[in-house]
Amino acid sequence: MESMVPKPLEVIPTHSAFGLNQYTAIYTSQTANGFEEVGQFLADKIKDKINLRLSVNESDAGSVERIIYINQSDSTALDGKESYQLYITKDSVILNAKTAEAAFRGVQTLRQIVPEISNDTLTEHPMWLIPTGKIIDRPNLEYRGGMLDVARHFFTVKEVKKYIDLLAYYKYNALHLHLSDDQGWRIEIKSWPKLTEIGGSTEVGGGEGGFYTQEEYAEIVSYALKQHMLIIPEIDMPGHTNAASVSYPILNGNGKTPKLYTGMRVGFSTFDTRKDTVYAFIDDVVREISALTPGPFFHIGGDESHVTKKKDYIYFVERVEKIVQKHGKRMVGWDEIMQGDLDKTSVAQHWNTEKNALMAVEKGAQIILSPAKKAYLDMQYDSLSKHGLHWAAYIPVDTAYIWTPKKFIAGIPEENILGIEAPLWSETISTGSELEYLAFPRAIGYSELGWTTAENRDWENYKIRLADQAPFLERMEVNYYPSKLIDWKKSKHTERPILKD
Ligand code: ACM
């Protein structure tokens, strides 16, 4: 059980083993919403990992000897919506959870403790031995997100889905999609079709760009939801809006004729913050995207609006907050938005300026921590890294792991910390494999910063558990960066083609 990431709150081993084999079956609570799907998900992942197909909720189970039971429980011991408990004995694995979401988190733990290798000497049929004991677990932080910039370079639905699969395995519960920037607009807006026709036509370096139709975006949202992850859509404004302004020049406020942009500079674009048409446009965009997004959040960007006058910027974010709220969402923005007189329900994503984060606290607002020098996945590991930038820092795997989100900024009370997010900007990457090189293994460490308490985190111990992730990453064909700080475990099964497309 020692290789789990993120490390659970409490693990009490009882030094025996549950034998998983063809006589094991999965059962779930059937009246509770979503539990059977969680059981099916577990069955599929066990099949992928060890090529053993377990039945789910089959009543005719004459040959069943041992069961895995995913149980909806209202026990008061389960505090919080993602809290679960696993009881593993010689005869049964019982996963208790109040919600399907919590059961899904528990299933990730179970996936990790099913061994890759069966013990074939003990019995006639292969048997995979799961150590017995009790696991009591819940997250340290409520929001645990990744972010993918699909604007600087476009990533396909398939690439995004694979990223969701990997993040969900490490108990992330959100993926923020940076859907617009100077170089590209990546989501179809039916009432403003040129955004994708023109604004979606290129990317950094001048490639062909791309965009998600609303159907494709909805497909991503629903794919994430099945793994109990929310999609947080971001339309970055009033700066980072060149692609929108090229599509509809009436939006532009920097006094120049907008042209498609394929470079990497920031801070040159702005909407005209004093034009009603701009707010009518934003209303349409927020309405159409919100209708496709079940989660509570809408991200308005708000960073690096260097050519927007400060008073215009403040007027803008305050007015856009009302639009976001009108469409039933909580506004999230990069930390600059907190210069405005905002509601306490709005959320600041801290990336750069501590003063802005402290202004959020003054307003009673919550903060997502994404400090660039610690949490930006696009920062190079070191000066030899093949991809990435280093304007904030070089971030080797240990630097990424060794910090405490709740204590990162002095003067921020714990209750103001909503969570942590690891943004992956894509100026220097354009393929799934390059994405994986920057995200892994660091994204695994951020999962532990979000889930595991500070008392349970320790670099020397984490390093060993991270090394044990190699077989999973290889099985998933993840192009992770093989940091020399880690003594990577070699998979015995890398040659076995059990991964399907
Ligand atoms: C940012 O990195 N401009 C939020």
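Quick caveat: nothing in here was measured; it's all calculated off a predicted structure.

K.L.:
I'd like a description of the overall build of the chain, backed by residues and values.
P.N.:
A tally of regular secondary structure across the chain gives 15 helices and 16 strands. Over its C-alpha trace the chain gives a radius of gyration of 23 Å, about what one expects of a compact globule, namely 23 Å for 501 residues. Dimensions along the principal axes, computed over C-alpha positions, put the chain at roughly 75 × 45 × 45 Å. Burial statistics for the chain: of 501 residues in total, 60% are counted as buried.

K.L.:
With reference to specific residues and values, describe the sheet that holds strand E2 (residues 24–28).
P.N.:
Strand pairing in a sheet relies on backbone hydrogen bonds, with the paired strands running either antiparallel or parallel. Spatially, E1-E6-E4-E5-E3-E2 is the arrangement adopted by the 6 strands of the open sheet, whose pairing is mixed. Since the sheet does not close on itself, it has two edges, and those belong to strand E1 (10–20) and E2, each with one partner. This sheet shows a mean twist of 20° between the axes of neighbouring strands, independent of strand direction. Examined bridge by bridge, E1 and strand E6 (residues 128–137) share 8 bridges and lie antiparallel to one another. Looking at E6, one finds that alanine 17 is bridged to proline 131. Across the sheet, helix H1 (residues 35–50) touches E1, E2, strand E3 (66–72), strand E5 (92–97) and E6, and the angle it forms with E3 is around 140°.

K.L.:
If you had to explain the packing of aromatic side chains to someone new, which residues and values would you point to?
P.N.:
Tallied over the full model, the rule gives 26 aromatic pairs. Here tyrosine 279 and tyrosine 315 contribute two aromatic rings whose centre-to-centre distance is 6.1 Å and whose plane-to-plane angle is 90°, an arrangement assigned as edge-to-face. Residue tyrosine 279 is located in helix H7 (residues 276–291), and its partner tyrosine 315 is located in helix H8 (residues 310–326); the two are separated by 36 residues in the primary sequence. Exposure remark for tyrosine 315: the relative accessible area of 31% places this residue in the partly exposed category. On the basis of an interplanar angle of 55° and a centroid distance of 6.1 Å, the ring pair of tyrosine 376 and tryptophan 425 is categorised as tilted. Note that tyrosine 376 is positioned in the loop between helix H10 (372–375) and helix H11 (397–401) and tryptophan 425 in the loop between strand E16 (417–424) and helix H12 (432–439), a separation of 49 residues in sequence. Considered together, tyrosine 376 and tryptophan 425 belong to a single accessibility category, that of buried residues. Through successive ring pairs, a cluster of aromatic residues spans Trp185, Trp192, Tyr248, Phe271 and Phe281. Here arginine 274 stacks its cationic end above the ring of tyrosine 315, 4.2 Å away from the centre of that ring. The positively charged end of arginine 442 is found above the aromatic ring belonging to tyrosine 381, 3.7 Å away from the centroid.

K.L.:
Requested: an account of helix H2 (residues 100–113), with residues and values cited.
P.N.:
With 14 residues, H2 should reach 20 Å at 1.5 Å per residue; the first-to-last C-alpha distance of 20 Å fits that figure. Counting buried positions along H2 yields 14 of 14 residues, so the element is predominantly enclosed.

K.L.:
Any details on unusual backbone geometry? Residues and values, ideally.
P.N.:
A cis amide bond links methionine 237 to the next residue, proline 238, at an omega of 5°. Residue placement: proline 238 occurs in the loop between strand E11 (230–234) and helix H6 (242–247). Of the consecutive residues phenylalanine 440 and proline 441, the connecting peptide bond is found in the cis state with omega at 15°. Mapping proline 441 onto the fold places it in the loop between H12 and helix H13 (442–451). Despite not being glycine, asparagine 51 has its phi angle at roughly 60°, a positive value. Structurally, asparagine 51 can be placed in the loop between H1 and E3. The backbone of asparagine 57 shows a phi angle near 55°, a positive value even though the residue is not glycine.

K.L.:
Quick rundown of the pairing of E16? Include the residues and the values.
P.N.:
Burial analysis of E16 places 8 of its 8 residues in the buried class, the great majority of the element. As paired strands, strand E7 (residues 143–149) and E16 are joined by 6 bridges and run parallel to one another. Considered in E16, the bridge of methionine 147 is made with proline 423. Across 3 bridges, strand E15 (residues 366–369) lies against E16 in parallel orientation. Within E16, the residue paired with isoleucine 367 across the bridge is isoleucine 417.

What counts as what
- Residues numbered from 1 in each chain as written.
- Predicted model: local features only at pLDDT ≥ 70, side-chain atom pairs only at ≥ 80, totals over all residues.
- Heavy atoms only, no water.
- Helix = DSSP H or I, 4+ residues; strand = E, 2+ residues; numbered from the N terminus.
- Rg over C-alpha atoms; globule rule 2.2 N^0.38 Å.
- Buried < 20%, exposed > 50% of the residue type's maximum accessible area, 1.4 Å probe, protein only.
- Pairing = 2+ DSSP bridges.
- Axes fitted to C-alpha atoms, helices over the stretch in contact; angles between N-to-C directions.
- Contact = heavy atoms within 4.5 Å.
- Phe/Tyr/Trp six-rings, centres within 6.5 Å; stacked < 30°, edge-to-face > 60°.
- Lys NZ or Arg CZ within 6 Å of the ring centre and 35° of its normal.
- Expected span 1.5 Å × (residues − 1).

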